[in-house]
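Chain and residue survey
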Amino acid sequence: MDKKPPTALIHHPYRPPEGFDAPQPGIFKASSVFFPNVAAMRSREWKDKTAYTYGLHGTPSSYTLEERLCTLEGGLQCVLAPSGLAALALVALALLRSGDEVLLPDNVYEPNKSLAEAELRNWGISHRFYDPMNLADLEAKLSEKTRLVWLEAAGSVTLEFPDLVGMVRLCKARGVWTALDNTWGAGIAFQAFDLLPGQPTPLGVDIATQALTKYPSGGGDVLMGSVTTRDPALHMRIKLTHMRLGLNVGANDVELVLRALPSIYLRYRAHDASTRALAVWCQSQREFAQVLHPALPGSPGHAYWRGLCTSDAAACLFSVVIDARFSQVQVDAFVDALRLFRLAYSWAGPISLVVPYDLARSRGRWPVQVAAGTVVRFAVGLEDPQDLRADIEQALAVLRA
Ligand SMILES: *Cc1c(COP(=O)(O)O)cnc(C)c1O
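Keep in mind that what you see is a predicted model, and the values were worked out from it rather than measured.

1. Quick notes on the domain arrangement of the protein
- In terms of domains, the protein is made up of domain 1 (38–262) and domain 2 (264–400).
- Just the C-alpha atoms count here: the centres of domain 1 and domain 2 sit 26 Å apart.
- Contacts between the two partners involve 37 residues from domain 1, matched on the other side by 40 residues from domain 2.
- The tally of links between domain 1 and domain 2 comes to two salt bridges.
- Among the ionic pairs, Glu110 bridges to Arg361, the shortest N-O distance being 3.8 Å.

2. Some details on unusual backbone geometry
- The linkage connecting Ala153 with the following residue, Ala154, adopts the cis geometry, with an omega of -5°.
- Residue position: Ala154 is located in the loop between strand E4 (146–152) and helix H7 (164–173).
- A positive phi angle is found at Leu159, which is not glycine, with a value near 55°.
- Within the secondary structure, Leu159 is located in the loop between E4 and H7.
- The exposure class assigned to Leu159 is buried, which follows from its relative accessible area of 0%.
- One non-glycine residue, Ala348, lies in the positive phi region at around 75°.
- Looking at the secondary structure, you find Ala348 in the loop between strand E10 (342–343) and strand E11 (353–357).
- According to the relative accessible area criterion, Ala348 is buried, its value standing at 3%.

3. Overview of the environment of Ala211
- Tracing the chain through its elements places Ala211 in strand E6 (residues 207–211).
- Classification of Ala211 as buried rests on a relative accessible area of 10%.
- For Ala211 and Trp184, which are 27 residues apart along the polypeptide, the C-alpha to C-alpha distance reads 9.0 Å.
- The contacts of Ala211, once residues within four sequence positions are left out, are Gly84, Thr183, Pro216 and Met224.

4. Describing the site of the ligand
- Residues in contact with the ligand, as listed here, are Ser83, Gly84, Leu85, Tyr109, Asp181, Thr183, Ala211, Thr213, Lys214, Leu223 and Trp347.
- Backbone polar atom of Leu85 to an oxygen atom of the ligand: 2.9 Å apart, as the coordinates give it.
- Residue Asp181 places a side-chain N or O atom 2.6 Å away from a nitrogen atom belonging to the ligand.
- Considered on its own, the ligand offers 380 Å² of accessible surface; in the complex 90% of this is hidden by protein.
- Taking a 2 Å distance to the grid points as the criterion, the majority of the atoms of the ligand fall inside the largest pocket.
- Of the residues belonging to the shell around the ligand, the class tally is five nonpolar, four polar and two charged.

5. Some details on the pairing of E11
- Of all five residues in E11, four are buried; the element is thus mostly enclosed.
- In this sheet, E11 lies alongside E10 in parallel orientation, the contact comprising two bridges. In the sheet register, Leu343 faces E11, and the bridge partner there is Val354.
- As paired strands, E11 and strand E12 (residues 373–379) are joined by five bridges and run antiparallel to one another.

6. Brief notes about the layout of surface pockets
- Taken as a whole, the largest pocket encloses approximately 690 Å³ of empty space.
- Every residue lining the largest pocket is counted, 37 residues in all, and those nearest its centre are Tyr109, Glu110, Pro111, Ser156 and Tyr357.
- For the lining of the largest pocket, the secondary-structure elements that each account for two or more residues are helix H4 (84–95), helix H5 (110–118), E6, E11 and helix H13 (359–362).
- Along the lines of polarity and charge, the residues of the lining of the largest pocket split into 17 nonpolar, 10 polar and 10 charged.
- The two domains that each donate at least three residues to the lining of the largest pocket are domain 1 (38–262) and domain 2 (264–400).
- In this structure, the second largest pocket spans a volume of roughly 300 Å³.

7. Examining the sheet that holds strand E3 (residues 126–130)
- Read across the sheet, seven strands follow the order E1-E7-E6-E5-E4-E2-E3 without closing on themselves; strand pairing throughout is mixed. A single partner strand is all that each edge strand has here, and the edge strands are strand E1 (77–81) and E3. Neighbour-to-neighbour, the strand axes of this sheet turn through a mean angle of 20°, independent of strand direction.
- Along the sheet, helix H8 (residues 232–245) contacts E1, strand E5 (177–181), E6 and strand E7 (225–229); its crossing angle with E1, the most-contacted strand, is approximately 20°.

Conventions adopted
Residues numbered from 1 in each chain as written. Predicted model: local features only at pLDDT ≥ 70, side-chain atom pairs only at ≥ 80, totals over all residues. Heavy atoms only, no water. Domains from an automatic or database assignment. Contact = heavy atoms within 4.5 Å. Salt bridge = Lys/Arg side-chain N within 4 Å of Asp/Glu carboxyl O. Helix = DSSP H or I, 4+ residues; strand = E, 2+ residues; numbered from the N terminus. Buried < 20%, exposed > 50% of the residue type's maximum accessible area, 1.4 Å probe, protein only. Near = heavy atom within 4 Å. Polar contact = N/O pair within 3.5 Å; in protein donor to acceptor, adjacent residues only side chain to side chain. Areas by Shrake-Rupley, 256 points an atom, 1.4 Å probe, with all protein chains shown as cover. 1 Å grid on protein atoms, 1.4 Å probe; cavity = no way out; pocket = protein on both sides within 12 Å on 5 of 7 lines; lining within 4 Å. Sits in = over half its atoms within 2 Å of the grid points. Nonpolar A, V, L, I, M, F, W, Y, C, P; charged D, E, K, R; others polar. Pairing = 2+ DSSP bridges. Points joined across faces, edges and corners; volume = space filled by probe spheres on them. Axes fitted to C-alpha atoms, helices over the stretch in contact; angles between N-to-C directions.

Set out below in structure tokens:
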């Protein structure tokens, strides 16, 4: 049948030869996915990833990234979400019902706290905060209503490293789901699904989420999240909620993460080495009452970090507590004086970032292991650490002035 030009252009018969193979996988974009016939339309299954039905339900690109993230984290199933925060919300909406309670660590990633306070509450889901450095406090707060416990290791502002093994054991014994926001460890610092390697029955969290925005993307130009599991029933519950909420990630963003993943171990270790050198140097500066970084012996939870993490894996974050004798105006001037450290949220990109925090406002109470003063968090990028040190040095001169 001869076709008119527009039709010929749209229904073009050319198919490139198969067998193209190259370092990066092809990127597939679609809302519509074609079925060869009605029988295929009726029988195709997307839930187990054996076929394609609609872009929202998965493409070769999303399946590929999910499988690679399972390898990174030691999981068996994974779903992608449009941001790290969307991954946290997805876990809550998939697992919690009216009348349930969720426990959050006092140092939880703040938007997860506001999700509980401003959204979950409206759905009849209550929440309580526990002290991440006190197992007995978590134990005391577990109740008949507790369905889910969020964990973070380390906390992303004050960097305290909790007794993850103790907390997971406790929750398992009580039949409560554990979800770890694994953005800090990224599947590299420790294995969330196998905390005590070599044991006959693995001890691990039920769910690991990540802000792929951070290390997996590594570029400061992508927002994405993931929810990884090792239990088919739990995964299916999350996947169905994911589908019903219509959560999608763009194929271009998937491409960026797939492109960055091969270098994630190298980047993580490079961030780690620079961060450690800077944190140690900061300890010798009189203006800093405390330096918070899990690999430093005096930092909260250092022994737990040493027990769980590979020795060269402490991520790109450290915080300083600027001595209480400096006013907020002086601290702001210090932060504003930084040139290489840009004032911005997020971390794990090439550019170093800094954020001052108001802990008195954001925490239920001042963390006992943190000195009095103002917390300033540094996220160390991939610049030469000597230049970063010089940058902090010149800003310290402004603080002293
Ligand atoms: C950044 C971050 C998130 C959220 O990720 P977004 O992609 O920015 O929504 C969640 N948890 C932690 C610990 C984070 O650092």
